[in-house]
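Overview (structure and organization)
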Amino acid sequence: MKWLVFGLNDEQLGILKGNTFSFKKKFMYTTEGHTYKICSPSYSRDFTITNEKEMVVATFKLTNHVLSVKNAFEICNVTEELKTEEIIMIVMGINAIWKRRTKGKS
């Protein structure tokens, strides 16, 4: 269960991986030289992206109330470590991985 993140010129920016042995919402995003943890507490719709120093890089949460759009996310880029476009691709990847996981359980 992984998701490749590409930039504008089709260059690979990083790899998003889900924890395959857990039903918790934990993910790792690896770029050239950096690894980020993405976690969400149990039964929560809020996610936090932290760097190797455990500093918050970005947060996002599932809103689902904006014009009845399913799986709408609110993103807050706290630092400039990751571009907002890259965070959007990470959110899309987490959503896709989570959908695959939940389809496999039913």
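Computed from a predicted model, the values in this text were never measured in an experiment.

1. A word on the side chain of Asn51
By the element assignment, Asn51 lies in the loop between strand S5 (46-50) and strand S6 (56-62). A distance of 2.9 Å separates the side chain of Asn51 from the backbone nitrogen of Met55, its partner in a polar contact. For Asn51, the residues in contact, after removing those within four places along its chain, are Thr35, Tyr36, Val57 and Glu81.

2. Some details on a nonpolar patch on the surface
A cluster of nonpolar side chains, contributed by Ile75, Ile88 and Met92, occupies part of the molecular surface with about 230 Å² of accessible area. The partly exposed category is assigned to Met92, whose relative accessible area is 42%.

3. Section: the nonpolar core
Grouped together as the largest cluster of nonpolar side chains are 17 residues, with contacts concentrated most on Leu16, Tyr29, Ile38, Ile49, Leu82 and Ile94. Looking at this core, the elements with two or more residues in it are strand S3 (25-31), strand S4 (34-40), S5, S6 and helix H1 (84-105). Element by element, the count of residues in this core is highest for H1, at five residues. The residues contacting Ile38, other than those within four sequence positions of it, are Leu16, Lys25, Lys26, Phe27, Tyr29, Phe47, Thr48, Ile49, Phe60, Ile90 and Ile94.

4. Section: the packing of aromatic side chains
Applying the stated criterion to the full structure yields three aromatic pairs. The interplanar angle of 5 degrees and the centroid separation of 4.8 Å between the aromatic rings of Phe47 and Phe60 together place this pair among those described as stacked. Taken as a pair, Phe47 in strand S5 and Phe60 in strand S6 lie far apart in primary sequence, 13 residues in all. As far as burial versus exposure is concerned, Phe47 and Phe60 are alike and both buried. With 6.0 Å between their ring centres and 65 degrees between their planes, Phe60 and Phe73 make a pair best called edge-to-face. Residue Phe60 is located in strand S6, and its partner Phe73 is located in strand S7 (residues 73-77); the two are separated by 13 residues in the primary sequence. The class of Phe60 is buried, set by a relative accessible area of 2%.

5. Quick notes on the sheet that holds strand S2 (residues 12-18)
A sheet is described by the order of its strands in space; here seven strands give the open sequence S1-S2-S3-S4-S5-S6-S7, paired in antiparallel fashion. In the strand order of this sheet, the two ends are held by strand S1 (2-6) and S7, each with one partner. Within this sheet the neighbouring strands show an average axis-to-axis angle of 20 degrees, counted without direction. Note that S4 and S5 share three bridges and pair antiparallel. Each residue of the ladder has a partner; that of Cys39, found in S5, is Thr48.

6. Describing the side chain of Thr31
By the element assignment, Thr31 lies in strand S3. Not counting residues up to four positions away in its chain, the partners in contact with Thr31 are Leu13, Gly14, Tyr36 and Glu86.

So, how was this worked out
Residues numbered from 1 in each chain as written. Predicted model: local features only at pLDDT ≥ 70, side-chain atom pairs only at ≥ 80, totals over all residues. Heavy atoms only, no water. Helix = DSSP H or I, 4+ residues; strand = E, 2+ residues; numbered from the N terminus. Polar contact = N/O pair within 3.5 Å; in protein donor to acceptor, adjacent residues only side chain to side chain. Contact = heavy atoms within 4.5 Å. Patch = residues over 30% accessible without salt bridge, like charges linked within 9 Å, V, L, I, M, F, W, Y side chains within 5 Å. Areas by Shrake-Rupley, 256 points an atom, 1.4 Å probe, with all protein chains shown as cover. Salt bridge = Lys/Arg side-chain N within 4 Å of Asp/Glu carboxyl O. Buried < 20%, exposed > 50% of the residue type's maximum accessible area, 1.4 Å probe, protein only. Core = buried A, V, L, I, M, F, W, Y, C linked by side-chain atoms within 4.5 Å. Phe/Tyr/Trp six-rings, centres within 6.5 Å; stacked < 30°, edge-to-face > 60°. Pairing = 2+ DSSP bridges. Axes fitted to C-alpha atoms, helices over the stretch in contact; angles between N-to-C directions.

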